[in-house]
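Structural description and commentary
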Amino acid sequence: MGVQQGTDRHHPAVVAHRRKRAEDLQLRIADGITRFAGSMPFVYVHAVVFAVWMLFFEASPWPTLTLVVSLEAIFLSTFVMIGQNRQAAFQQLKADHDFVEQELELKTNTDLTRAIHAMTQELHRRLIEEGAEQ
């Protein structure tokens, strides 16, 4: 019944963002490709495939290899941009949510401060009146 740990709770913008991405097949595919392309297994697979290709399958692999690597770079840079756009959209969503929450907190604090001020004035007025009556 204690307070949940930080790993169990997430910012509402994070929850909404993850739910939206999980519902879209294209976004899940893009996330999977981006996640794999940014990993060491990706590097190992490419090193092995290119080495095997250059050593065993083509006598002069450089023109074809250059073409393949260039095309792959185009697609990978597109996935990087998709990831950057996703991150920018997420950051904006979180910033908007945080702004609304901070404005609500500021309003609440202002209302509480005004209420405390009004109560203090009323208490002061009553104390002054009681002092004058004696």
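Residues numbered from 1 in each chain as written. Predicted model: local features only at pLDDT ≥ 70, side-chain atom pairs only at ≥ 80, totals over all residues. Heavy atoms only, no water.

1. Regarding the packing of helix α3 (residues 40-57) against helix α4 (residues 62-133)
This is how the line gets drawn: Under this scheme, a helix contributes an axis fitted over its contacting stretch, all axes are lines through C-alpha atoms, and angles between N-to-C directions fall in the 0 to 180 degree range. Secondary structure follows DSSP: runs of H or I at least 4 residues long count as helices, runs of E at least 2 residues long count as strands, and numbering of each begins at the N terminus. Each angle gets one of four labels, with under 35 degrees taken as roughly parallel, over 145 as roughly antiparallel, 65 to 115 as roughly perpendicular, and the rest as oblique. Two helices crossing with the near one rotated counterclockwise from the far one by less than a right angle form a left-handed crossing, whereas a clockwise rotation gives a right-handed crossing. What makes two residues a contact is simply this: any of their non-hydrogen atoms within 4.5 Å. Any residue outside Ala, Val, Leu, Ile, Met, Phe, Trp, Tyr, Cys, Pro, Asp, Glu, Lys and Arg is labelled polar, Gly included; the first ten of those are nonpolar and the last four are charged.
Packing of α3 against α4 leaves a shortest axis separation of 11 Å and a crossing angle of 160°. The angle between the axes of α3 and α4 places the two elements in the roughly antiparallel class. For the element pair α3 and α4, the recorded crossing hand is right-handed. Residues Phe42, His46, Phe50, Trp53 and Met54 of α3 lie in contact with α4, whose contacting residues are Trp62, Thr64, Leu65, Val68, Val69, Glu72 and Leu76. Considering only residue class, the contact of α3 with α4 consists of nine nonpolar, two polar and one charged.

2. Quick notes on the packing of helix α1 (residues 12-23) against α4
It is at 9 Å that the axes of α1 and α4 come closest, and there the two elements cross at 145°. Here α1 and α4 pass one another in a crossing that is right-handed. Seen from α1, the contacting residues are Pro12, Ala13, Val14, His17 and Arg21; seen from α4, they are Arg86, Phe90, Leu93, Lys94 and His97.

3. Comments concerning the confidence of the model for the protein
Quick note on the threshold: Per-residue confidence from the predictor is reported as pLDDT, which spans 0 to 100.
Of all residues in the protein, 93% have pLDDT values of 70 or greater, and the mean over the chain is 85. The secondary-structure element of the protein with the lowest mean pLDDT is α1, recorded at 81, while α4 shows the highest, at 90. Under a pLDDT of 50 for its full length, residues 1-6 has, in the predicted model, one contact with residues more than four places off or in other chains.

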